[in-house]
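Take a look at the letters that make up each chain.
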Amino acid sequence: MLKTVYLLIAGKPGSVMITSSSFYAGVPRHLVAVDCIIFGFEDSRLKLLIIQRKVDPKQGEWSLVGGFVQEQESTDAAAARVLRQTTGLENIFMEQLRCYGEVERDTGARVISVTYYALIRVKEHDHILAEEHGAHWLELHQIPALIFDHGEMITDALKKLRDNAHFHPIGFELLPEKFTLSQLRSLYEEIYQHELDKRNFRKKILSMGILEKLEEKDKTTSKKGAHLYRFDKHKYQQLTKRGFVFEI
């Protein structure tokens, strides 16, 4: 809807004329959408949440989770809404990736998409809600051909995830609150898509002083079990104030 403003134009002393003007009259209108690249970590594998579209164009084909930005909504709010409606989760790690605006990127209309990548704990999301939206968790090598430029979005999101994970402890957003060092190493191996030396990884991550060792053990893989750890966010924040740089 075009906004109308009233301008006061000076005339004779003591009098004014009132005229109206519409902003952006005749300017082309485009649809704005948000698409979310949702990462999860389960069974030592990095996964993506994708859906089968229920509407045309491309009904029934594989797609990222997304939607259109509403009239009284920011793109950040729209992305948070889409994530909440699909996973039932709020206040999760979400970061804007980039804007995709090729003229013919969407076969249905002229659509400009602002993308976000999100990191969630798979066990915490609402599985029933996700199923109602036709959403499925797939490993990276299982991702089928996606509609439009969604494959490019995933490639860009993976690069962004790897860059950020190298210097920021965002990987902990994908792990349960309590985890083993083996689980942590497996996560970073999945993010970087190559193996990490077990001994060097353990030595480096423990030397940072940002993990709290718990008395509990995970005995799912052996009778002896492996100690569980927890990321100490407060300790990390205190260290960064003194110049500490996280790097894996």
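Just above, that's the structure.
Residues numbered from 1 in each chain as written. Predicted model: local features only at pLDDT ≥ 70, side-chain atom pairs only at ≥ 80, totals over all residues. Heavy atoms only, no water.

**As for helix H1 (residues 75-87)**
Item 1. Compared with the 18 Å implied by 1.5 Å per residue over 13 residues, the 18 Å span of H1 between its first and last C-alpha is a close match.
Item 2. Taken together, the buried positions of H1 are occupied by Ala78, Ala79, Arg81, Val82, Leu83, Thr86 and Thr87. (Helix = DSSP H or I, 4+ residues; strand = E, 2+ residues; numbered from the N terminus. Expected span 1.5 Å × (residues − 1). Buried < 20%, exposed > 50% of the residue type's maximum accessible area, 1.4 Å probe, protein only.)

**Overview of the pairing of strand S4 (residues 45-52)**
Looking along a regular strand, one sees side chains alternate from face to face of the sheet.
Item 1. By the criterion of burial, S4 is predominantly enclosed, with 6 of the 8 residues buried.
Item 2. Pairing analysis gives 5 bridges linking strand S3 (residues 31-42) to S4, with the strands arranged antiparallel. Following the sheet pairing, Glu42 is matched in S4 by Arg45.
Item 3. One ladder, built from 5 bridges, connects S4 with strand S9 (residues 135-139); its direction is antiparallel. Bridging from a neighbouring strand, Lys47 pairs with Glu139 of S9.
Item 4. Summarising the sheet, S4 and strand S5 (residues 62-63) pair through 2 bridges and their orientation is antiparallel. Its bridge partner lying in S5, Gln52 is registered against Trp62. (Pairing = 2+ DSSP bridges.)

**Remarks on the packing of aromatic side chains**
Item 1. Counted by the stated rule, this structure contains 9 aromatic pairs.
Item 2. Ring centres of Phe23 and Tyr24 lie 6.0 Å apart, and the angle between their planes is 40°; this geometry places the pair in the tilted category.
Item 3. Here Tyr24 falls in the exposed class, since its relative accessible area comes to 63%.
Item 4. Residues Tyr236 and Phe244 carry aromatic rings whose centres are separated by 6.2 Å and whose planes lie at 85° to one another, so their mutual orientation is edge-to-face.
Item 5. Through successive ring pairs, a cluster of aromatic residues spans Phe172, Phe179, Phe231, Tyr236 and Phe244.
Item 6. Looking at Arg98, its charged tip hangs above the ring of Tyr100, at a distance of 3.9 Å from the centre. (Phe/Tyr/Trp six-rings, centres within 6.5 Å; stacked < 30°, edge-to-face > 60°. Lys NZ or Arg CZ within 6 Å of the ring centre and 35° of its normal.)

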